Each structure stands twice: as C-alpha cells, then as structure tokens.
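The residues making up each chain are set out below.
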Amino acid sequence: MHSYDVEAGEGEPRLLEDTPYGIDLVNPAPRLAQGNNKISVCVVDTGYDNNHEDLPHLNSVDGFSSYPGQYWSHDGHGHGSHCAGTIGAIGGNEKGVTSVNPDPGKFSFFIGKGLTDNGWGTGSGVLAAVQKCVDKGAKIISMSLGGGDYSSMANDQYSGHYEDDGVLIIAAAGNSGNSAYSYPASYASVMSVAAVDSNKNKASFSQFNDQVEIAGPGVSIQSTIPGNKYASWSGTSMAAPHVAGVAALVWSHFPNCSNKQIREALIASAQDLGADGCDHNYGFGLVDAKGAYDFLSEKGCNFPTGDTQGGCYQCVECTSSPTSSPTVPPTTSSPTPCAGKTFHLKLKIDSYGGETSWKVTRQHNNNVNIVKSGSGYASNSVVHVEECIPNDACTFEIFDSHGDGLCCGFGRGSYQVWVDGVEKGSGGSFGSSDIVSLCSTMPTPSPTLAPFVTPTAGPTAGPTTAPSSAPTPLLTQAPA
C-alpha cells in the first residue's frame, strides 16, 4: 500500500498565513464556519508532525502506529502531515496556511500510522490503523493511499465500519491517470475522490471510473510538512483531505445525521463538473461545504439514503442520472493478483522534465520487448510509478535526451527503483542513460509467456502523479 501523489517543490518556512486555493474552492467566502459539535477525523497515513507550529498538538493517546519502532507522532515522509494540514491546519495564527477546519477547538484528530516513514505499508498495517481509528471514536477516516487488488477481507472490514459503526470513509481515487480501480477507494462503502486543478479541470493523473464519487482540489496544494515547513504537492492524495475536511465541517452542524446522510449531502450538493450529472471523471462534482450545509438545513436528518453502491449510483437524492452506465466492480470474488513482481519507481525530475524518459524491458526469444515506459514529466516534480511486471523483466533504463542526467547542473534530480519492496538501484548523476538490473540473475525467458505490447507511458506529472501521496507508498504485503 502506498500514498498517492506528486510532490511539487521543496518545503520552506512561511512567516505569514496563506489561504490555499483549495480552501476557496470548497468553502468560498463568506465561509461556512465550524459548528459547535466536535467531529473526530482520523488520518491514516505516514504519521503526523506533532511539533509543527501550524498543526494542533495532540496528546499521547491521540494516535496509533502499526509498525514497532515507528511512532504516529513522527512523520518521516511528510505525506501524512501534508494531508492533515488541509483538514485542520490552525487558522488565524499568522503562520503557514489555514485549512478547512481552522479552529482546533472545534474538531479533533486521531492519527493512524498505516504507512511507514518511507511512504509504504502493508495491507494488514493499514487495516489495523483503520480499526484503531474506529475503536477511538473517529467519525471520519481520511485515506490518501492505495495499492493492490480487491480483497474480500478488506471489503468486509470497510463495509462493517460504514454500515455498523457509522463511520464515513474517504479515500484517494489513485494517480495512474487511467480507468483502473484502486483500493480502498473503489470499495462501495468508501467515497472515491478525484482531483481537480485551480480551474476545476480534472487533473491528468486522476483515475476515472464508475466508483469515482466526488472531486476535490489536488494540483499544487499548499500544506504543512515536517519541520515547520510548507510545500505544494499534487495528487488525489491531496484531494481526499479536502473532502474529509468538508465532511467534518458540515457534520459539526448536524451531529444527529448519520454517516450515510452526510455522504448523501456531500454528493447531492456537489458542484457539477464535466458532463451533466455524475460522470467517471468528477463523480457528482466538486465538494461544496455551503451547498451540503444548505442541503441538510432543508432536509434535516430524516431522509432515506438507499443501498450502498458507491460512485454514480450512490445518491438517492440526486435528480440527474449518470452519464454512462457504470458497472459496480464485483464484491464476491477477487481479481487475479500480480502474477509477476511489483516494480516501483520514484523520479525526482530536474528543471527540464521533457528530457527524462525510462523503460523496463525483458528479453524474449532473442528480442527485447518493452514492458513499461514513461516520459513527458513536469519539471521539478516528484513522480511515483507502481506496476506489476513479469518476473523476467530484468532491465530498467533511464534516459536524459540532453545528456546531462538528472543531477546536478539544472536541479537536483534523482531516481530510485524497487522490486517487491527491495531497492535495486538509485542515482542521478549520469550522462545520456543509466541502467539498473531488476533480477538477481538474468533468467532464461520462458517460451510459454506471451509477448508484452508496449504500454502507454505512465501518467504525466506536471501539475501531477502516484503512493496515494508525495510518496507513492505501496503495501508490500499481499496488498489489500
């Protein structure tokens, strides 16, 4: 399991308080103020910088870590602190940034360290963190992470928390820029969040399918990172906390509403984007705090919500029908897992992103076949790619068309490559190309394997990409 997103720029301290554009999009002036009923929001991620000047200071009982020796109150990656800042960075203190819930006295955090300090985690680690959130009374769980295939065990747990425990679960749709289902976002009991930019256009990396339910700002989002610093990152990881924050804000005014009614209010009142009605790119549209508040002010908390189906078929109160006929993914059987090995690439692009490309190849019947490839990245961005590749795909090669590598003449770029969670190589200072072996030994290709078609290059990172976060953290278990 990993976080979903693309970093955009290094962290820096800030002397004056900024209002990130995402806050203006989801709760424009005159802003809906927080209500008097404190809602507990759990952030399941890489941890939380509990000493940050612009984040609420939490008590020792306000968090949990799934990993011995790694503490919830320490965020070695930064992804979790960035997501938490969008939900609840302190407002009005003339520091850093404000947030969807700027008054820490009117909501509360619980932190579930479901990912490690390097941005990766196990399926069991994530589920243990989710369970602890529920045990500690969280009403909303925000998850900017994903990885792996459908899991009936994970589906049952999320469904139980949603149906029986009254918890609203919100997750990032994924950064692969395709129509694939990412989990946990694509479970019916989870709200799947797409990303839009400052002009309310779908982010190029944002995954699109019939389980996408709502959208939030996710391109160049400014928020808190460890060390009293701030950075702008992109990804559906950044979009999900906007929705979670708005859910807490609205729920604080209507404490008697159920999690299902809050979900219904969010999607019924969302600002329609793209094609009329619900569509696979934006779901029901951009989350709207005041719209959801007005919806519940009119309806109260006694309206029916219907069956839990997720995506475009979730909303009973919405008058427009989906623009296509989505098929809810099966919930009774698991799709075929990765039959080879998991390839993970982290690219930190220099000042000339268009010069960088890469490929993974395998040798088959004396021919070299490209298995995966990527190019066209935004300058000064961080990109994470995670793919299932065949066991005999043994060569990773990275190219710089100008011949000066990624470091250090025009930015401090770099790359890192992992296979099944084990680092295989890294670098940045090279000429036109660099090569990393992905196999311990070069295997004899199996003649029974069908040749691979050259795939479409990975998602463009540029206001954009991938471990649901500045990481593209991935679960190294049988990911759930």
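Each remark here, short or long, concerns the structure printed above.
Residues numbered from 1 in each chain as written. Predicted model: local features only at pLDDT ≥ 70, side-chain atom pairs only at ≥ 80, totals over all residues. Heavy atoms only, no water.

## Considering the sheet that holds strand β8 (residues 168-172)
Here is step 1: Read from one edge to the other, the open sheet built from seven strands follows the order β4-β5-β3-β6-β8-β9-β10, with strand pairing classed as parallel. Only two strands of the sheet have a single neighbouring strand rather than two, namely β4 (63-65) and β10 (212-217). Geometrically, the sheet is characterised by an average inter-axis angle of 25° between neighbouring strands, direction not taken into account.
Here is step 2: Inspection of the sheet shows strand β6 (residues 140-143) paired to β8 by four bridges, in the parallel sense. Bridge assignment links M143 to a residue of β8, and that residue is A171.
Here is step 3: Each of β3 (39-45), β6, β8, β9 (190-196) and β10 is contacted by helix α5 (residues 236-251), which is oriented at about 160° to β8, the strand it contacts most. (Pairing = 2+ DSSP bridges. Helix = DSSP H or I, 4+ residues; strand = E, 2+ residues; numbered from the N terminus. Axes fitted to C-alpha atoms, helices over the stretch in contact; angles between N-to-C directions. Contact = heavy atoms within 4.5 Å.)

## Section: the packing of α5 against helix α7 (residues 289-299)
Here is step 1: Their axes nearest at 10 Å, the elements α5 and α7 cross at an angle of 35°. Judged by the sense of rotation from one axis to the other, the crossing of α5 with α7 is right-handed. Residues V246, L249 and V250 of α5 form the contact with α7, whose own contacting residues are A289, A292, Y293 and L296.
Here is step 2: Per-class residue counts for the contact of α5 with α7 are seven nonpolar, no polar and no charged. (Left-handed = near helix turned anticlockwise from the far one by under 90°. Nonpolar A, V, L, I, M, F, W, Y, C, P; charged D, E, K, R; others polar.)

## So, α7
Here is step 1: If you check which residues of α7 are buried, you get A289, G291, A292, F295 and L296. Buried positions in α7, seen along its axis, are confined to an arc of 165° and lie on one side of it.
Here is step 2: Close packing links the buried residues of α7 with α1 (21-26), α5 and α6 (259-268).
Here is step 3: Looking at where α7 begins, the residue whose side-chain oxygen comes 3.2 Å from the main-chain nitrogen of K290 is D288.
Here is step 4: Of the residues flanking the end of α7, it is G300, one or two places downstream, whose phi is positive at about 75°. (Buried < 20%, exposed > 50% of the residue type's maximum accessible area, 1.4 Å probe, protein only. Arc of directions from axis to C-beta. Polar contact = N/O pair within 3.5 Å; in protein donor to acceptor, adjacent residues only side chain to side chain.)

## Details of the packing of α5 against α6
The angle between the axes and the distance between the axes are what describe a pair of packed helices.
Here is step 1: The interhelical angle for the contact between α5 and α6, taken along N-to-C directions, is 115°, at an axis separation of 10 Å. Accordingly, the angle class assigned to the pair α5 and α6 is roughly perpendicular. Here α5 and α6 pass one another in a crossing that is right-handed. Across the interface between the two elements, V243, V246, A247 and W251 from α5 touch N259, I262 and L266 from α6.
Here is step 2: Split into classes, the residues belonging to the contact of α5 with α6 amount to six nonpolar, one polar and no charged. (Parallel < 35°, antiparallel > 145°, perpendicular 65-115°, else oblique.)

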